[in-house]
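Topology and contacts: notes
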Amino acid sequence: MGETILTMTGIEKQFPGVHALKNCQFELKSGEIHALVGENGAGKSTLMKILTGVHKKDGGKIVFMNEELSHLTPKEAQDKGISMIHQELNLMPHLTAAQNIFIGREPKYGGIFTNDKKLNRDAFELFSKLGLTLDPKTLVGNITVAGQQMVEIAKALSFQSKILIMDEPTAALSDKEIDDLFRIITALKTQGVGIIYISHRMDELMKITDRISVMRDGEYIKTVNTKDTSTDEIIQMMVGRPIYEPPKNESAAKGEAVLSVEKLCTDRLSDISFTLHRGEILGFAGLMGAGRTEVARAIFGADLMRSGSIKVHGKPVNIRSPKDAVACGIGYLSEDRKRYGLCLGMSVENNTVLASLASFSRVGFIKSGETVRITKEYIDRLKTKTPSHRQDVRNLSGGNQQKVIIAKWLIKDCDILIFDEPTRGIDIGAKSEIYKLLHDLAKSGKAIIMISSELPEILRMSDRVAVMCEGRITKILNGSDCNQETIMKYATNHNQKGEMTRE
């Protein structure tokens with residue numbers, strides 16, 4: 001690590017009804033990977049948005065490269081060499097990789113026409129610095145999530161960035177892609193770039209970072225050297241209490257068959273068959289692209305079934321749309337909650353009752369008193385952190401947005417709940433709450449499908465595990481009999497035979 005390039009001291013920020021940051025501080029050195037951690041809602045994003053000019057600070061001091069910064073715009077921050085790669089990537093899918101990198105700064109012929117040859121050559125040079133073989137002329141919409149992340153990094157480097165902020169950079173990546181990302185991050189570190197790394201994955205923090213700064217409830221708690229601390233110490237600083245999650249050591253007693261899927265096929269899936277029982281958590285595991293989300297979307301009517309059949313409570317059903325699925329008592333929490341699960345511009349109340357509006361209406365009018373009452377009831381029941389039921393859901397943390405979606409389906413009283421990556425982008429404390437909630441739902445008789453890329457999570461939560469590879473279920477394992485090695489064995493070989501435990 002080199003000299004200090006950034007100091008933030010006494011940072012204050014208030015929003016209506018919320019004191020978001022209270023006397024916060026942060027320091028970054030050149031060539032350092034410095035983690036910023038805390039529960040959802042701790043203030044990490046707000047602090048970084050102040051640094052990148054999205055929000056104006058209400059108090060405090062920011063010194064960058066020996067220059068005090070006052071109220072920057074996002075463009076001014078980027079021009080000074082402060083770049084942020086958000087969890088939701090900000091790229092235009094209809095443009096090429098090179099066009100995305102240099103948008104608004106394209107090299108010109110005579111100041112008028114875009115010089116495509118130089119544009120692609122400059123992008124190629126950036127990719128070469130990162131050790132990438134990506135074609136600059138490829139449309140971003142045709143690039144993997146990992147590839148898009150590399151385009152974002154290249155874009156940041158094109159601004160000669162001295163600080164690179166990465167928000168949950170590995171949330172949607174496979175293990176191989178994470179290794180590639182870490183290689184590039186390490187290379188940037190050796191070039192003197194200071195990296196602020198935001199992640200909830202403790203194993204990553206211990207592996208890649210030099211220092212860790214912890215925030216809680218809008219306040220700075222402590223900064224520690226990574227090599228001198230432990231995961232347990234970091235977690236306790238984050239949540240203010242020890243977190244213990246006992247592993248699942250017994251499978252639920254099998255209730256009636258609530259959902260039966262037989263030989264389901266889509267454009268991406270082949271011969272999907274399984275049975276889900278009342279009170280059971282059935283985990284779906286597999287590598288990225290194996291087809292887990294596609295199974296959920298097909299059952300929920302979001303993707304077209306080419307063939308096969310579905311039974312709910314033993315009766316054949318014809319699900320052609322999400323509306324049909326909801327009518328059959330199926331609720332779906334998508335992995336992309338902001339795109340498919342929430343109306344971000346609407347309030348917590350409106351999102352909570354959205355799937356059940358018919359039950360709150362009379363002769364065309366909504367019974368607002370009832371919607372307020374039920375929303376407050378589920379805010380209390382799920383311990384959702386929000387200033388009010390009227391708060392826009394876009395202003396909640398990821399974990400609390402997740403709880404709003406869960407409340408929506410609980411109010412609808414769905415017997416079958418599909419959770420796709422329910423803890424993605426959620427801090428360790430909120431994860432523990434979600435785990436407890438899923439267990440409680442199963443105990444109450446709900447039948448749950450849980451899709452997760454985190455094998456420890458699958459093993460901890462599941463009564464049985466359906467393993468997928470290349471659009472097929474290769475094995476269904478009893479939760480008490482499987483481990484990570486067994487799951488990976490069936491997740492990497494679509495030709496695996498063996499008798500599937502479907503019942």
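Because the structure is predicted, anything quoted here is derived from the model rather than measured.

Quick look at the pattern of salt bridges
The full count for this structure, using the stated rule, is 19 salt bridges. A salt bridge links Asp228 to Lys227; the nearest nitrogen and oxygen atoms lie 3.5 Å apart. The same class applies to Asp228 and to Lys227, which are both exposed. A salt bridge links Glu280 to Arg464, with the shortest nitrogen-to-oxygen separation between them at 2.5 Å.

A short note on the packing of aromatic side chains
Considering all chains together, one arrives at three aromatic pairs under this definition. Ring centres of Phe274 and Phe284 lie 5.3 Å apart, and the angle between their planes is 75°; this geometry places the pair in the edge-to-face category. With Phe274 in strand β14 (residues 272–277) and Phe284 in strand β15 (residues 281–286), this pair connects stretches of sequence that are 10 residues apart. Taken as a pair, Phe274 and Phe284 share a single burial class, namely buried. Across the ring face of Phe159, the terminal group of Arg105 is positioned such that the distance to the ring centre comes to 3.7 Å.

Observations regarding the nonpolar core
Leu259, Phe274 and Phe284 are the most contacted members of the largest nonpolar core, which totals 74 residues. At seven residues, helix α14 (residues 398–411) tops the list of elements feeding residues into this core. Phe284 has contacts with Phe274, Arg292, Val295, Ile449, Met450, Ile451, Ser452, Ile458, Ala466, Met468 and Ile473, leaving out every residue within four places of it along the chain. One finds Ala35, Ala156, Met166 and Val214 within the second-largest nonpolar core, a separate group that totals 49 residues.

A few points about the sheet that holds strand β13 (residues 257–265)
Taken in spatial order, the four strands of this open sheet run β14-β13-β16-β17, and their pairing is antiparallel. Every other strand in the sheet has two partners, leaving β14 and β17 (315–317) as the edge strands with one partner each. This sheet shows a mean twist of 20° between the axes of neighbouring strands, independent of strand direction. In the sheet, strand β16 (residues 307–312) pairs with β17 via three bridges, with the strands oriented antiparallel. Counterpart to Lys311 in the pairing with β17 is Pro316.

Thoughts on the environment of Met8
In this fold, Met8 is placed in strand β1 (residues 4–15). Along the chain, Met8 and Arg121 lie 113 residues apart, while their C-alpha atoms are 38 Å from each other. With residues near it in sequence (within four places) discarded, Met8 still touches Cys24, Gln25, Phe26, Leu47, Ile50, Leu51, Lys61 and Ile62.

Looking at the sheet that holds strand β24 (residues 472–478)
As summarised here, the arrangement of the six strands in space is β18-β21-β22-β15-β23-β24, forming an open sheet in which the pairing is mixed. Bordering the open sheet on either side are β18 (330–333) and β24, each of which pairs with just one other strand. Across this sheet, the average inter-strand angle for adjacent strands is 20°, counted without regard to direction. Judged from the four bridges that link them, β18 and strand β21 (residues 416–420) form a sheet pairing that is parallel. Residue pairing for β21: Leu333 is matched across the bridge by Phe419. Running at roughly 175° to β18, α14 makes contact with β18 and β21 of the sheet. Across the sheet, helix α15 (residues 428–443) lies against β15, β21 and β22 (447–451), angled at about 150° from β22, the strand it touches most.

Quick look at the confidence of the model for the protein
On average, the protein scores 86 in pLDDT, and the residues at 70 or more come to 93%. Taken element by element, the predicted model of the protein shows its lowest mean pLDDT in helix α11 (residues 337–341) (77) and its highest in β14 (96). This model gives residues 497–503 a pLDDT under 50, and the stretch forms 22 contacts once residues within four places in sequence are excluded.

Scoring rules and cut-offs
Residues numbered from 1 in each chain as written. Predicted model: local features only at pLDDT ≥ 70, side-chain atom pairs only at ≥ 80, totals over all residues. Heavy atoms only, no water. Salt bridge = Lys/Arg side-chain N within 4 Å of Asp/Glu carboxyl O. Buried < 20%, exposed > 50% of the residue type's maximum accessible area, 1.4 Å probe, protein only. Phe/Tyr/Trp six-rings, centres within 6.5 Å; stacked < 30°, edge-to-face > 60°. Helix = DSSP H or I, 4+ residues; strand = E, 2+ residues; numbered from the N terminus. Lys NZ or Arg CZ within 6 Å of the ring centre and 35° of its normal. Core = buried A, V, L, I, M, F, W, Y, C linked by side-chain atoms within 4.5 Å. Contact = heavy atoms within 4.5 Å. Pairing = 2+ DSSP bridges. Axes fitted to C-alpha atoms, helices over the stretch in contact; angles between N-to-C directions. pLDDT = per-residue confidence, 0-100.

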